[in-house]
Amino acid sequence: MKIRFEVPNKLEIIFGKDKAECDGCGSDGEDGRSVGELLLPQYALATGGLARDHRPLITFPDNNNFHVLSAAEYRRLLLYLTSVPSILEAEMGFHIIIDRRKDRWNSVKAVLLRISEFFPGIIHAVYVLRPASFLQKALSEVSNKLFKEEFRFRVLVCSCVEELYEHFDRSQLTPDLGGELQYSHSEWIQQRIALEKFSTLMKEISSKLDDFMHEIVDCDMGNDPTQTKELLECQESRYKALKTELSSATTQGEELLTQVRKPNLTYNIISHVAAVERLLVQLEETEKQFDSFWQKHSMKLNHWLMFRTFLLNFKQMQATLDSHLKNACDMTEVGETAVRVDGLIQEANEFEKLCNCDLDAALSVIEEGEKLMKDPLSSVDHIESKCEELRRTSSLLIEKIQKRSMLLIKARELMDRIDKANEWCATGVEILAGEGGLLAVDKLLDDAKSFGLDAPEPFRDMLLHSATQETRALVTQVCQRVEDVWLMVSVKRASLQRAAARPARPVHAVPPHVAASQMETSGGSESSGGEDAEARRSRRGHVLAELLQTERAYVQELGSILSGYKEEIEKPENQHALPAALVGQTEVLFGNLHELFTFHQEIFLKDLERSISATELVALCFVEKRETFFRLYSYYCQNIPRSERLRETLVDTHLFLQACQQRLGHKLPLAAYLLKPVQRITKYQLLLKDLLRYSECGSMSSGLQQALDCMLVVLKCVNDSMHQIAITGVPVDLSQQGELLLQSSFLVVSENKRDLRLRIRPRRRHIFLYEKAMLFCKSATKNSHNKATYHFKHDLQMSQIGLTESVKGDLRKFEVWRQGRAEVHTITAPTADIKRVWVERIKRVLLDQLNELKGERVRQYGAQHRTLIQASSWELGAGAAARPGAAPARAASCDAHDEPCWSTDPSDDDDDEPEHAPAVGCALVALSDYTAVGASEVSLREGQHADLLKVGCAGWWYVRLAGGQGEGWAPAAYLDQRKTSRSSSRSHDRLHDH
């Protein structure tokens, strides 16, 4: 919308410069006089008179002063006078009267020439009152005949004023022309000044209105409600200011109209009155248009503000409800105790209160949207979709809250039923672990009847009938726990009854681990498939008890090492008695033993104690803590070489260390006890194997198998990390080569295409296969602790190699080569199975690279990549752990009395030095008592003699006991050669002996 005042006059402040100056009228280089100065001498007049045809009249009075008017001043004056009539009158044309009755004919000619040269309008006719003197009259008659036809307009020469009456009414002529129009030039100028000022005010207001409306039409209403509200307030303020100016202008116009209409004025110009009236009418119309425009615009802006506020409220509320919905979806815990369920119910109630407040706010937003949709300016579909989204999210949240409440109510009812069962199981475990007699066992069975436990099977059916889908797993675990405890209690009751029926005789207590060992020895030849369910459960209970008892003993041993050695070394008062090499070196000597102790005491042992009544929960303890096992034991084993080097400088016979050993009552030196973590991480797999052997099919067997696989792979990863830290001279950053996938020893023949004569003879190389590289290393001479060291020789980037799976003449051979076979390495594995494993793994790495190059989706590739790597780290199972060179080889092969690992094949390379392995057949003596765990081990008594048959891995030797007392695996830390002294060098870590 654009507002313009149609001012009927060319309204300028008459005492200022008019537009003619800008049109080049002052070509003579002089500005000349202003319009106000030109009006005063009355060179020409616009009296407001009209001809009979209603065309406006301009008079050139006979004042004998026209000749002093310059061309520029003439133009300026005529431009102003022709602008005085209304636009409609000006478009009709002008009548001009030239009064030269007292002047000469030359002055008439001068005026006509000026008019001919310039007149800013249409000339209808020019009336000339010729000079009245006889001579001038004669001259005018002659001249008129000569040049009257030369002008572009019609010229009528009048001899007297009466002739004018034919064309003009007397009321339209001034008295000097014989008319009746009372004209006062001074009053006319005063009215023109007032009218000019009012007109100028109207123009200023018009300009402000135009600017304001253009601004608000083109303005950005903004997407932020705060910004829109500020814009609305600012524009409303400006609107009110403009309204004030319009009201003030109207008041001024009405006052001006009153002035020009005053009856005491001697001269009342009708055109001035009409001009003011027209301006007031236009001002009124303009104000109406402006109000209408502002009403529409403010309505639009207010609607936009409401819409943006609605969208903002919608976004905030949707985000809040989504957050509540996510939290509600994450609330899946049902609780395993009544106290926990009560806490969850309280949390759910508080969460529901919070959600109800936001749901009420969401309902307000929906109502706001529905109200907004009634506005014709609204986009109904858009707003409706937002409201519907809030309704949907609110409904989902309410449904989740209600479902959660019902679930917790059911869970609370169920917890009341199984709480007594858990308490009963806990009491049963205490009785089984203690020295409770037959009376305690009978009382325990009687207490079971108080919560409906007459037999495990009916009790299981009762709980499962009342269980929900979410609590079914918990109920199953509880039922399994009840069955296990019921079975162990029943077995103990039968045993106590048999003992009570025997004649009285001295009874010697048998430690649980000895009983387990005897049980395995006596029953090792039995097939697990042939054992009945009750016998398997009984043996499984013994193994669980053994696991818990040995874990407690392990924690106690770790605590004694820390308190008896580490804390004593760190005491300030003992610093003077320490060996110089030991000062400030406790972290090197003990590694992260304190972290191991904290983990087992505070976390793992407590988990076992809570879960010992349910085999599946025991298995879950190992699965959930596998990452912690790997991290802690990896670090500990990697620190062993540093610790041993430090102990070499100390020797266990140092007086301070001997004093610590005596205070603790240890029969073995510190070195033997520092080997406990290595032995413990190896023993877990044996106990898990026994549990798996006596487990039942289903979830129990699956969970135990997963736990066993985890521990075997932990051993493999620890073993791999030990080998990796033994590599020296590597020019690349191993941390950037990806995960270590495989490592083993091979015979390697290398060929170089650049020199066809060069064919290197077979060399023994230990190869490390990473995700991004293959490293060829030379296995160096083992140190005094039988630790392998590898010197880097060559590497191949996996992105640059090719693979030949089979080489003619030997099933154990395969080739890896650089692109173009510029460099070929023929690799001979110890067995065809090892070759197959390596070839499959290399093919998998190359296939992953090929898939990546083919542009598979990143997410799909990442999933495959993660699956492959996990398979190599945690899910390979026992088969992978039994691979040559892996630490768990003992566990996989010792039962069959096979070699524990392949690592001592002779090298054909002249520069490979022989390894110094323990001599097979040497005589040994037991340093301390050791109780076997599993049928593949043998028990030792302090001072007992034995012969070394095989050297295994992870610090185990296969020995034959003197006197034909059997043969089997025993920890090397408990044995020593009969002719050597007891020193710290006997307590080395054989976790990676291959």
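Since the model is a prediction, treat every value here as computed from it, not as a measurement.

Caption draft 1: Representation of the overall build of the protein in the model. Scanning the protein from terminus to terminus reveals 27 helices and 17 strands. Among the 994 residues that make up the protein, the fraction classed as buried is 49%. Intrachain contacts of the protein at a sequence separation of at least 6 include 72% that bridge at least 24 residues.

Caption draft 2: A look at the sheet that holds strand S14 (residues 945-951). Pairing in this open sheet of 5 strands is antiparallel, and the strands run S16-S15-S14-S13-S17 from one edge to the other. Two strands bound the open sheet, and with one partner strand each, they are strand S16 (967-971) and strand S17 (975-977). Along the sheet, successive strands turn relative to each other by an average axial angle of 50°, direction set aside. Sheet topology places S14 next to strand S15 (residues 956-961); 5 bridges connect them, and they run antiparallel. By the bridge assignment, Ala946 is partnered in S15 with Leu961.

Caption draft 3: Spotlight on the packing of helix H12 (residues 456-466) against helix H13 (residues 472-501). One way to put it is that H12 packs onto H13 with a least axis distance of 10 Å and a crossing angle of 165°. When the axes of H12 and H13 are compared, the pair comes out roughly antiparallel. In the packing of H12 onto H13, the handedness of the crossing is right-handed. On the side of H12, the interface is formed by Pro456, Phe459, Arg460, Leu463 and Leu464, while H13 contributes Arg472, Val475, Thr476, Cys479, Gln480, Val482, Glu483 and Trp486. Per-class residue counts for the contact of H12 with H13 are 8 nonpolar, 2 polar and 3 charged.

Caption draft 4: Representation of the confidence of the model for the protein in the model. On average, residues of the protein carry a pLDDT of 76, and 79% of them reach 70 or more. Residue range residues 856-917 is modelled with pLDDT below 50. Its contacts to residues more than four positions away, or to other chains, number 135 contacts. Note on residues 980-994: pLDDT under 50 across the span, and 65 contacts to partners over four residues away in sequence or across chains.

Caption draft 5: Spatial organisation of the pattern of salt bridges. Going through the model one piece at a time under the given rule, you end up with 39 salt bridges. Ionic pairing is found between Arg340 and Glu347, a salt bridge with its closest N-O pair at 3.8 Å. Its relative accessible area of 31% is what places Arg340 among the partly exposed residues. The partner of Glu551 in a salt bridge is Arg680, with the nearest N and O atoms 2.8 Å apart. With Glu551 in helix H15 (residues 533-570) and Arg680 in helix H22 (residues 676-693), this pair connects stretches of sequence that are 129 residues apart.

Caption draft 6: Spatial organisation of the sheet that holds strand S3 (residues 123-129). One open sheet accounts for 4 strands, arranged S1-S2-S3-S4; its pairing is parallel. Bordering the open sheet on either side are strand S1 (57-60) and strand S4 (155-158), each of which pairs with just one other strand. Averaged over all pairs of adjacent strands, the angle between strand axes in this sheet comes to 20°, irrespective of strand direction. As paired strands, S1 and strand S2 (residues 94-99) are joined by 4 bridges and run parallel to one another. Bridged to Thr59 within S2 is Ile97. Along the sheet face, helix H4 (residues 105-117) touches S1, S2, S3 and S4 and points at about 170° away from the line of S3.

Caption draft 7: Main features of the nonpolar core. The biggest cluster of nonpolar side chains holds 85 residues, and the ones touching the most others in it are Phe590, Leu593, Phe622, Phe629, Tyr684, Leu940 and Val959. When residues no more than four places from it in sequence are discounted, the contact partners of Tyr684 are Leu547, Glu551, Tyr554, His600, Phe604, Phe622, Phe629 and Met711. By size, the runner-up hydrophobic cluster in this structure holds 37 residues, among which are Leu38, Leu45, Phe60 and Tyr80.

Caption draft 8: Up close: the side chain of Arg647. Positionally, Arg647 belongs in helix H19 (residues 626-650). A relative accessible area of 5% means that Arg647 is categorised as buried. Of the polar contacts made by the side chain of Arg647, one reaches the side chain of Ser643; its length is 2.9 Å.

Caption draft 9: Seen up close, the environment of Phe459. Here Phe459 shows up in helix H12. Residue class for Phe459 comes out buried when judged on its relative accessible area of 1%. Counting along the chain gives 24 residues from Phe459 to Glu483, while the straight-line C-alpha distance between them is 9.5 Å. With sequence-adjacent residues up to four places away left out, Phe459 is seen in contact with Ala421, Phe451, Gly452, Leu453 and Val482.

Caption draft 10: Geometry of the packing of aromatic side chains. Overall, the coordinates contain 24 aromatic pairs when judged by the stated rule. Ring centres of Phe212 and Phe290 lie 6.0 Å apart, and the angle between their planes is 65°; this geometry places the pair in the edge-to-face category. Of this pair, Phe212 sits in helix H6 (residues 185-218) while Phe290 is found in helix H8 (residues 270-330), placing the two residues 78 residues apart along the sequence. Taking relative accessible area as the criterion, Phe212 reaches 0% and is therefore assigned buried. According to the relative accessible area criterion, Phe290 is buried, its value standing at 0%. In textbook terms, an aromatic cluster arises when at least three aromatic residues are bridged by ring pairs, as seen for Phe599, Phe604, Phe622, Phe629, Tyr633 and Tyr684. Between Arg693 and the ring centre of Tyr694, over which it is positioned, the NZ or CZ distance is 5.8 Å. Cation over ring: Lys950 sits above Tyr958, and NZ or CZ is 5.8 Å from the ring centre.

Caption draft 11: Fine view of the environment of Ser744. Topologically, Ser744 is positioned in strand S6 (residues 740-752). Relative accessible area serves as the criterion here: at 3%, Ser744 is assigned to the buried category. For the pair Ser744 and Trp838, spaced 94 residues apart in sequence, the C-alpha separation works out to 9.5 Å.

Caption draft 12: Summary view of unusual backbone geometry. In the Ramachandran plot, His54 falls in the positive-phi region, its phi being about 70° despite a non-glycine side chain. Here His54 is to be found in the loop between helix H1 (35-39) and S1. The class of His54 is exposed, set by a relative accessible area of 55%. Phi is positive for Asn64, close to 55°, though the residue is something other than glycine.

Caption draft 13: The pairing of S16, seen in detail. By the criterion of burial, S16 is predominantly enclosed, with 4 of the 5 residues buried. Relative to S16, S15 runs antiparallel, the two sharing 5 bridges. Residue pairing across strands places Tyr958 opposite Trp969, the latter belonging to S16.

Caption draft 14: Representation of H15. Given a rise of 1.5 Å per residue, 38 residues ought to cover 56 Å, and the 54 Å separating the end C-alpha atoms of H15 matches this to within 8%. The largest bend in H15 is about 30°, located at Leu562.

Caption draft 15: Inspection of a negative patch on the surface at higher detail. Together, Asp224, Glu230, Glu233 and Glu236 make up a negatively charged patch on the protein surface. With respect to the helices, strands and loops of the structure, Glu230 is situated in helix H7 (residues 225-260).

Definitions and limits used
Residues numbered from 1 in each chain as written. Predicted model: local features only at pLDDT ≥ 70, side-chain atom pairs only at ≥ 80, totals over all residues. Heavy atoms only, no water. Helix = DSSP H or I, 4+ residues; strand = E, 2+ residues; numbered from the N terminus. Buried < 20%, exposed > 50% of the residue type's maximum accessible area, 1.4 Å probe, protein only. Contact = heavy atoms within 4.5 Å. Pairing = 2+ DSSP bridges. Axes fitted to C-alpha atoms, helices over the stretch in contact; angles between N-to-C directions. Parallel < 35°, antiparallel > 145°, perpendicular 65-115°, else oblique. Left-handed = near helix turned anticlockwise from the far one by under 90°. Nonpolar A, V, L, I, M, F, W, Y, C, P; charged D, E, K, R; others polar. pLDDT = per-residue confidence, 0-100. Salt bridge = Lys/Arg side-chain N within 4 Å of Asp/Glu carboxyl O. Core = buried A, V, L, I, M, F, W, Y, C linked by side-chain atoms within 4.5 Å. Polar contact = N/O pair within 3.5 Å; in protein donor to acceptor, adjacent residues only side chain to side chain. Phe/Tyr/Trp six-rings, centres within 6.5 Å; stacked < 30°, edge-to-face > 60°. Lys NZ or Arg CZ within 6 Å of the ring centre and 35° of its normal. Expected span 1.5 Å × (residues − 1). Bend = angle between axes of the 7 residues up to and from the residue. Patch = residues over 30% accessible without salt bridge, like charges linked within 9 Å, V, L, I, M, F, W, Y side chains within 5 Å. Areas by Shrake-Rupley, 256 points an atom, 1.4 Å probe, with all protein chains shown as cover. Lys, Arg positive; Asp, Glu negative; His and termini not counted. Charge placed at Lys NZ, Arg CZ, Asp CG, Glu CD.

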